[in-house]
Amino acid sequence: RARTEHARTGTRTEAETRGARMTSPPPSASSSDDDRAARGDVEGAGADAEPLLGASRARSPRFGGSAGAGAGGSTARRKTIYGHPVGLAVVGATEMWERFGYYAARALLVLYATKILSDATFDVDRVFGLRAIGQMASGYDFSTHAASAGAMAARKVAAEETSARLYGWFACLTYLTPVFGGVISDAILGSHRSALVGATIMAIGYAAMATEWAFVIGLVLVCVGNGAFKPSMSTQLSALYAKDDPRRDQGFSIFYCCINIGAFFSPLIAGTVRVYFGYGAAFASAAIGMACALVIYTTNRRYILDSRVEVIDSTRLDVRDEEFGGDTTPLTSPPAANDKNSFAKMLDLMRENVNAMMATLIVCVAGVAFSVVYEQQGSTLMIFADEHINLHGLPTEFVAALNPALVLALTPAVTMVWERQAKTNSEPHQVTKIALGCGLLATSFAVLMFGALPVDSHASPVRVSVIWIVLNQIFLTAGGMYT
């Protein structure tokens, strides 16, 4: 079905936007197209836009009305932004502000946890659940007061270990919960309600992180809200284009561009706010970003509805539809096959395609290993940058802005290389690209290893040049694009 086609893409977007999608040809959208879409210039702003929700059930092809105008209605009735549905601007702006909140919290998380846990005078019980997390993550009881230099050093090591693991659990849940959120969206809530519920929960979660006591509770709420929000937004984006629409890849490229714009600016703003107003205000900036996403989505929802292209015969559907939750399977469709027979057929197919299954397994293992290393940029890299990189007075959070900035800068070059290789039939196989990506990622940390040698040997000042972290991020980002 069209509404589930890109659910996997939505899950990928947080590791998200590492360049171009593997499973499609390189996008052909030019930077000028992206710029014009970002400016929001609107063409054909006819006053006869499709009505909303209940009223649209009687008239809009989306809800079973006359389909004589073709998919999504006539061109005159659909607003566009330089050839793309105006709903793309709404979805892109919503996702940009949602990612603003997420990447702000992501940049702050490890630094904040390390700071408060390393402080021997800090009462860890002021943060609900943090003491238990510390004991589970590092085996250290942060309620004890370290007096000697050795005890302080042990406390600092435990604080860094706890904060890194806390970030790892947070990142894991943000990628895992959309799997369950997508199922709930399909079966119960529908994409619209899932987006509303998810955005609201995430905004509350970021606000809770800004209050010291509810910090851990806020992390949990953000993970839960993300699970409901992410797949529903990708589903709604997919519904703006027909399967064979040549603008589809361009639309997703613009969408990913919006994601990286939000990811770029959020560490810069959150870091600046943290320097002048403290961590509480910095986490509050993430809540403000999520609130902006919620406002943009709710006030401009009608443009997404007007831009949809699916033509569904309402006489064949249950009275409930995906907008409000419930089954969207046609009532006249044949009953589902017996579960046992389906499972047996699946096993037969696996036995008949052993080589394909082994290749899939190898790719999955490589993907897991890649993510383990790639996500160090939110934990150990932030700690290393905070303690050992000479940032010339800039906030440490600024380091987190390098990756999205490089994605925006390098994507056109990488796409151009792939296009030229495709024309000469020399483009690497997808598995080869994954291998190249893993090699580039390994190179990124090899570079950082050499940069850290003076730190380990104490042969020079503790802080090393910022060029090492920049080189690390260049190779890391390129590896992400290929993988």
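Treat the numbers as computed from the prediction; the structure is a model and nothing was measured. (Residues numbered from 1 in each chain as written. Predicted model: local features only at pLDDT ≥ 70, side-chain atom pairs only at ≥ 80, totals over all residues. Heavy atoms only, no water.)

Looking only at helices and strands, one finds 17 helices and two strands in the protein chain. Here the protein chain holds 483 residues, and 46% of them are scored as buried. Only carbon and sulfur atoms are counted for the fraction: they give 66% of the accessible area of the protein chain, which is about 22,000 Å². (Helix = DSSP H or I, 4+ residues; strand = E, 2+ residues; numbered from the N terminus. Buried < 20%, exposed > 50% of the residue type's maximum accessible area, 1.4 Å probe, protein only. Areas by Shrake-Rupley, 256 points an atom, 1.4 Å probe, with all protein chains shown as cover.)

Within the largest apolar cluster, 69 residues are counted, with the highest numbers of intra-cluster contacts made by Tyr 206, Met 209, Phe 215, Leu 237, Phe 283 and Met 290. By residue number, the principal contributor to this core is helix H4 (residues 86–118), which donates 17 residues. The next biggest cluster of nonpolar side chains, apart from the first, holds 15 residues, and it includes Phe 370, Ile 389, Val 399 and Ile 469. (Core = buried A, V, L, I, M, F, W, Y, C linked by side-chain atoms within 4.5 Å.)

Another aspect to go through is empty space enclosed by the protein. In this structure, the second largest cavity occupies an estimated 90 Å³ of space. In this structure, the second largest cavity is lined by Tyr 103, Arg 106, Ala 107, Gln 377, Gly 378, Leu 381, Met 382, Val 399, Ala 400 and Gln 473. If you list the elements that add at least two residues to the lining of the second largest cavity, you get H4 and helix H14 (380–388). The dominant element in the lining of the second largest cavity, judged by the number of residues it contributes, is H4, at three residues. (1 Å grid on protein atoms, 1.4 Å probe; cavity = no way out; pocket = protein on both sides within 12 Å on 5 of 7 lines; lining within 4 Å. Points joined across faces, edges and corners; volume = space filled by probe spheres on them.)

Bringing the environment of Ala 385 into the picture now. Of note, Ala 385 is situated in helix H14. Separated by 11 residues in the primary sequence, Ala 385 and Thr 396 have C-alpha atoms spaced 6.6 Å apart. In this structure, Ala 385 is in contact with Leu 391, Thr 396, Val 399 and Arg 463, ignoring residues within four places of it in sequence. (Contact = heavy atoms within 4.5 Å.)

Enumeration according to the criterion identifies 14 aromatic pairs in this entry. When the centroid spacing of 5.3 Å and the interplanar angle of 55° are considered together, the rings of Trp 97 and Phe 100 count as tilted. Taken together, the positions of Trp 97 and Phe 100, both in helix H4 and three residues apart, correspond to about one turn of that helix. Exposure remark for Phe 100: the relative accessible area of 7% places this residue in the buried category. Each residue in the set Tyr 112, Phe 215, Tyr 279 and Phe 283 is aromatic and connected to the rest through ring pairs, giving one cluster. Taking the ring centre of Trp 418 as reference, the NZ or CZ of Lys 433 above it sits at 3.8 Å. (Phe/Tyr/Trp six-rings, centres within 6.5 Å; stacked < 30°, edge-to-face > 60°. Lys NZ or Arg CZ within 6 Å of the ring centre and 35° of its normal.)

Along its 21 residues, helix H10 (residues 279–299) runs 31 Å from first to last C-alpha, staying within 8% of the 30 Å computed at 1.5 Å per residue. Of the positions making up H10, those classed as buried are Tyr 279, Ala 282, Phe 283, Ser 285, Ala 286, Ala 287, Gly 289, Met 290, Ala 293 and Tyr 297. (Expected span 1.5 Å × (residues − 1).)

Bringing the side chain of Thr 396 into the picture now. Residue position: Thr 396 is located in the loop between H14 and helix H15 (402–423). Looking at Thr 396, the relative accessible area reads 7%, which means it is buried. Aside from chain neighbours lying at most four places away, what touches Thr 396 is Leu 111, Arg 274, Met 382, Ala 385, Asp 386 and Leu 391.

Contact geometry of helix H7 (residues 191–210) with helix H8 (residues 215–238) gives a least axis separation of 7 Å together with a crossing angle of 155°. The angle between the axes of H7 and H8 places the two elements in the roughly antiparallel class. Of the two elements, H7 crosses H8, and the hand of that crossing is left-handed. Counted by class, the contact of H7 with H8 contains 16 nonpolar, 11 polar and no charged residues. (Axes fitted to C-alpha atoms, helices over the stretch in contact; angles between N-to-C directions. Parallel < 35°, antiparallel > 145°, perpendicular 65-115°, else oblique. Left-handed = near helix turned anticlockwise from the far one by under 90°. Nonpolar A, V, L, I, M, F, W, Y, C, P; charged D, E, K, R; others polar.)

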